[in-house]
Amino acid sequence: MVLSWQIVQFQLKETFAIAYGNYTHREALIVTLEMNGSKGYGECTSIDYYHISLADFDVILTQIKSKIESQNIVYPTDFYNFLLPLELPSFLRSALDCAYWDLFGKLEKRVFWN
């Protein structure tokens, strides 16, 4: 399994206004897990008022890349249990979990929601 990621910026259609400020765009971390030509995707966004820094996530992913890539394909709940001891921030763990579910479904020739 190959892990890759990128940080992208999405322009919002309309300004998103909340008590913490007005937002015209969002930065997102897109994680990709790939095996046998299939790719699974997950994402999380930078949220300053929750102190979620995608730059921090970039460092963490670099540190755990080899651990992720050495994993065999198992049922997604087992992969999630593998992630727990890594003590990842919950938003990053969620992005990896979604990417894995997506990849697993594609390898099994099943749609993500199924």
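Please read these numbers as outputs of a predicted model, since none were measured by experiment.

A.B. asks: Looking at this structure, I do not really get the pattern of salt bridges. What am I missing?
C.D. replies: A side chain of one charge can pair with a side chain of the opposite charge when the charged atoms of the two come close. Inspection of every chain in the model, using the stated rule, returns two salt bridges. For Lys65, the salt bridge goes to Glu69, with nearest N and O atoms at 2.5 Å. Of the two residues, Lys65 and Glu69 both sit in helix α1 (residues 54-69), four residues apart, roughly one turn of that helix. Taking relative accessible area as the criterion, Lys65 reaches 26% and is therefore assigned partly exposed.

A.B. asks: Before we go on, may I ask you to explain the packing of aromatic side chains in this structure?
C.D. replies: Geometrically, a pair of aromatic rings is defined through the distance of the ring centres and the angle of the planes. Counting across every chain of the model gives nine aromatic pairs. Geometrically, the ring pair formed by Phe79 and Tyr100 is stacked, given 4.0 Å between the ring centres and 5° between the ring planes. Of this pair, Phe79 sits in helix α2 (residues 76-83) while Tyr100 sits in helix α3 (residues 90-107), and the two are 21 residues apart along the sequence. Neither residue differs from the other here; Phe79 and Tyr100 are each classed as buried. Among the aromatic residues, those joined into a ring-pair cluster are Tyr75, Phe79, Phe82, Tyr100, Trp101 and Phe104. The positively charged end of Arg26 is found above the aromatic ring belonging to Tyr23, 4.4 Å away from the centroid.

Rules and cut-offs
- Residues numbered from 1 in each chain as written.
- Predicted model: local features only at pLDDT ≥ 70, side-chain atom pairs only at ≥ 80, totals over all residues.
- Heavy atoms only, no water.
- Salt bridge = Lys/Arg side-chain N within 4 Å of Asp/Glu carboxyl O.
- Helix = DSSP H or I, 4+ residues; strand = E, 2+ residues; numbered from the N terminus.
- Buried < 20%, exposed > 50% of the residue type's maximum accessible area, 1.4 Å probe, protein only.
- Phe/Tyr/Trp six-rings, centres within 6.5 Å; stacked < 30°, edge-to-face > 60°.
- Lys NZ or Arg CZ within 6 Å of the ring centre and 35° of its normal.

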